Amino acid sequence: MATGKKSAKAAVKTARVEVKNAVNEVKSDAKSHARAESSSGHGITIAPAKGKLGVMIPGMGAVATTFVAGVEAIRKGLAKPIGSLTQMGTVRLGKRTDGRSPKVSDFVPLATLDDLVFTGWDIFDDNMYDAASHAGVLDQRLLDQLKPFLSSVKPRAAVFDHNYVKKIDGPNVKKGKTKMDLAEQLRADIRDFRKTSGASRLITMWCGSTESYIEATAAHQSVKAFEKALRENDEMIAPSMIYAYASLMEGVPFANGAPNLTVDLPVMLELSRKNNAPICGKDFKTGQTLMKTVLAPAFKARLLGLSGWYSTNILGNRDGEVLDDPGSFKTKEESKLGVLEHILQPALYPDLYGNIFHKVRINYYPPRGDNKEGWDNIDIFGWLGYPMQIKVDFLCRDSILAAPIVLDLVLFLDLAKRAGMRGIQEWLSFYFKSPMCAPELYPEHDLFIQSMKLKNTLRWMMSEDLITHLGQEYYD
Ligand SMILES: NC(=O)c1ccc[n+]([C@@H]2O[C@H](COP(=O)([O-])OP(=O)(O)OC[C@H]3O[C@@H](n4cnc5c(N)ncnc54)[C@H](O)[C@@H]3O)[C@@H](O)[C@H]2O)c1
């Protein structure tokens with residue numbers, strides 16, 4: 001009770017501060033921020049986005065090629081960046097009556113699409129044109145218009161371990177006596193790309209296959225333990241971790257698009273903080289989970305109960321083939337299952353969410369290629385416990401949904417790095433199925449909370465008032 005009173009008081013106090021903030025005169029014009037040589041937020045200074053931004057992609061498959069081909073198509077004026085917040089989104093500033101909603105790209109100083117240069121690693125030696133043609137996501141006529149550019153992006157030899165991805169094998173793989181040797185070779189690749197591309201800044205974006213499920217061990221707890229394990233070829237070090245280690249050692253931010261642990265480890269957090277290289281992950285939130293994190297918050301907001309959620313997918317791309325292996329599927333399953341528990345908070349609402357049957361299946365079905373079908377059967381209940389059902393059948397295109405996420409993450413991680421932000425970038429949870437957060441926190445999965453968090457972080461960076469949606473000032 002005492003705690004309740006205290007928190008009620010605190011809430012009133014916060015609300016007062018929020019009202020005060022909301023009625024504050026907004027001082028500066030957003031566009032002038034973006035153009036400024038450097039801009040300061042709450043004690044932070046954002047270095048300007050000068051020069052080229054190098055994007056390094058381990059895993060040049062369907063997602064990576066759809067992203068790179070898409071960027072080039074947009075640069076050539078052949079298509080529009082649909083689905084990208086950094087390219088098409090706006091951010092409201094000040095009061096609703098102020099009429100200030102600049103484009104995100106006019107508000108925060110982001111790199112432009114023309115600044116982007118690319119490299120990558122893959123176990124197959126297909127260049128990006130061949131890899132994109134093989135992935136079969138984009139129309140061949142579009143790819144042919146981009147052929148000279150896409151053919152010029154060739155994969156570097158990968159760090160690969162068949163034990164971690166059992167369904168595929170390829171010839172373009174590095175050799176080394178120890179995992180530390182392999183890490184050194186990746187670091188040499190990174191330095192080489194920095195030099196040959198002339199990029200002033202770099203980002204690594206994991207778009208490689210989903211690795212087999214493992215849990216963190218003593219080897220992942222500190223940089224010292226991890227380096228010893230690298231030298232001793234510890235089998236608990238997965239290839240994706242070697243890329244992450246190499247990137248962070250070079251001070252390069254790292255985003256993880258797959259559900260592997262990769263940067264979600266104490267060692268990587270330590271390196272990220274030490275070397276000023278922000279990290280984020282895991283697992284791009286594209287189709288079915290996007291829908292889940294839209295619908296589940298609606299049920300909770302309206303206090304509708306849930307007894308079961310059965311999700312099944314059919315897909316026929318290489319990702320689907322990899323996920324046909326139980327080890328890789330387990331990694332994906334863990335990532336997809338956590339969502340409901342965190343949104344619905346059964347401990348707080350035992351009558352509504354205390355007994356949910358949640359099942360996720362992924363079935364490899366080659367005829368569909370990248371055009372996945374995700375079905376959801378949702379059993380809910382309402383007033384007096386009366387049951388109802390919802391069916392969702394999302395005929396989506398996996399890589400078409402993932403590509404704009406990759407673009408936004410590249411640009412926002414680069415912004416974070418220039419703003420001196422280190423460690424986990426929780427404000428980028430919006431883009432992930434299984435968002436990384438501080439060990440003492442639970443992740444925020446609700447898409448609308450994530451969106452608000454992201455936009456408020458941008459406002460905070462640019463010293464604009466945060467938006468609380470309180471709105472009392474309109475009725476005074
Ligand atoms: N909507 C989506 O497409 C989506 C959503 C969420 C997560 N993901 C994840 O993103 C990743 C990429 O998906 P995709 O559809 O492009 O898959 P894909 O199979 O087309 O591409 C993955 C590529 O990674 C390569 N690879 C595997 N291990 C590697 C290594 N150690 N080093 C370098 N290359 C390696 C493979 O050869 C392959 O070309 C997968 O892990 C997938 O689960 C995709």
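The present account deals with the structure reproduced in this document. What you see is a predicted model, and the numbers here were worked out from it, not measured in a lab.

Right, let's get into the overall build of the chain. Across its full length, the chain holds 18 helices and twelve strands. The globule rule puts the C-alpha radius of gyration for 476 residues at 23 Å, and the 23 Å found for the chain is close to it. With the principal axes as the frame, the chain shows a C-alpha extent of 70 × 55 × 50 Å. Scored against the burial criterion, the 476 residues of the chain give a buried share of 53%. Counting only contacts in the chain whose residues sit at least 6 apart along the sequence, the fraction spanning at least 24 positions is 76%. As displayed, the chain has an accessible area near 21500 Å², and 54% of this comes from carbon and sulfur atoms. Taken as two groups, the 61 positive and 55 negative side-chain charges of the chain have centres that lie 5 Å from each other.

The next point concerns the layout of surface pockets. Taken as a whole, the largest pocket spans an internal volume of roughly 640 Å³. In this structure, the largest pocket is lined by 31 residues; those nearest its centre are Leu261, Asp264, Lys282, Ser434 and Met436. For the lining of the largest pocket, the elements supplying multiple residues, two or more each, are α12 (266-274) and α15 (326-344). Tallying contributions element by element places α15 first for the lining of the largest pocket, with five residues.

Attention now moves to the packing of helix α11 (residues 239-249) against α12. Two elements in contact, α11 and α12, have axes separated by 9 Å at closest approach and are oriented at 20 degrees. Taken as axis vectors, α11 and α12 run roughly parallel relative to one another. Our pair here, α11 against α12, has a crossing hand that is left-handed. For the pair α11 and α12, contact is made by Met241, Ala244, Tyr245, Leu248 and Met249 and by Met268, Leu271 and Ser272, respectively. In terms of residue class, the contact of α11 with α12 is made up of seven nonpolar, one polar and no charged.

This brings us to the pattern of salt bridges. On inspection of all chains with the given rule, the structure shows 15 salt bridges. Asp189 is the salt-bridge partner of Lys174, the closest N and O atoms lying 2.7 Å from each other. Of this pair, Lys174 sits in the loop between β5 (155-157) and α9 (179-197) while Asp189 is found in helix α9, placing the two residues 15 residues apart along the sequence. Each member of the pair, Lys174 together with Asp189, is buried. For Asp398, the salt bridge is made with Lys372, and the minimal N-O distance between the two is 3.3 Å. With Asp398 in helix α17 (residues 398-418) and Lys372 in the loop between β10 (357-364) and β11 (373-381), this pair connects stretches of sequence that are 26 residues apart. As far as the burial class goes, Asp398 and Lys372 line up, both buried. Linked by salt bridges that have partners in common, Arg187, Arg191 and Glu250 make up one network.

This part covers the site of the ligand. In the vicinity of the ligand there are 30 residues, among which Val63, Asp122, Val159, Gly208 and Tyr243 approach most closely. Backbone polar atom of Val159 to a nitrogen atom of the ligand: 2.7 Å apart, as the coordinates give it. A distance of 2.9 Å is found between an oxygen atom of the ligand and a side-chain nitrogen or oxygen belonging to Thr210. Burial of the ligand by the protein chains amounts to 98% of its free accessible area of 830 Å². Counting atoms within 2 Å of the grid points, the majority share of the ligand lands in the largest cavity. For the shell around the ligand, the secondary structure elements donating two or more residues are α3 (62-75), β4 (116-122), α11, α14 (318-323) and α17. Tallied by class, residues from the shell around the ligand come to 16 nonpolar, seven polar and seven charged.

A cluster of nonpolar side chains, Trp383, Leu384 and Tyr386, forms an exposed patch at the surface whose accessible area comes to about 500 Å². Note on placement: Trp383 falls in the loop between β11 and β12 (387-395).

Relative to β12, β11 runs antiparallel, the two being bridged by nine bridges. Bridge pairing links Asp376 to Val392 in β12. Count of turn residues in the β11/β12 antiparallel hairpin: five residues, of which Leu384 carries a positive phi of about 65 degrees.

Thresholds, definitions, all that
- Residues numbered from 1 in each chain as written.
- Predicted model: local features only at pLDDT ≥ 70, side-chain atom pairs only at ≥ 80, totals over all residues.
- Heavy atoms only, no water.
- Helix = DSSP H or I, 4+ residues; strand = E, 2+ residues; numbered from the N terminus.
- Rg over C-alpha atoms; globule rule 2.2 N^0.38 Å.
- Buried < 20%, exposed > 50% of the residue type's maximum accessible area, 1.4 Å probe, protein only.
- Contact = heavy atoms within 4.5 Å.
- Areas by Shrake-Rupley, 256 points an atom, 1.4 Å probe, with all protein chains shown as cover.
- Lys, Arg positive; Asp, Glu negative; His and termini not counted.
- Charge placed at Lys NZ, Arg CZ, Asp CG, Glu CD.
- 1 Å grid on protein atoms, 1.4 Å probe; cavity = no way out; pocket = protein on both sides within 12 Å on 5 of 7 lines; lining within 4 Å.
- Points joined across faces, edges and corners; volume = space filled by probe spheres on them.
- Axes fitted to C-alpha atoms, helices over the stretch in contact; angles between N-to-C directions.
- Parallel < 35°, antiparallel > 145°, perpendicular 65-115°, else oblique.
- Left-handed = near helix turned anticlockwise from the far one by under 90°.
- Nonpolar A, V, L, I, M, F, W, Y, C, P; charged D, E, K, R; others polar.
- Salt bridge = Lys/Arg side-chain N within 4 Å of Asp/Glu carboxyl O.
- Near = heavy atom within 4 Å.
- Polar contact = N/O pair within 3.5 Å; in protein donor to acceptor, adjacent residues only side chain to side chain.
- Sits in = over half its atoms within 2 Å of the grid points.
- Patch = residues over 30% accessible without salt bridge, like charges linked within 9 Å, V, L, I, M, F, W, Y side chains within 5 Å.
- Pairing = 2+ DSSP bridges.

Shape descriptors only; they carry no functional weight alone.
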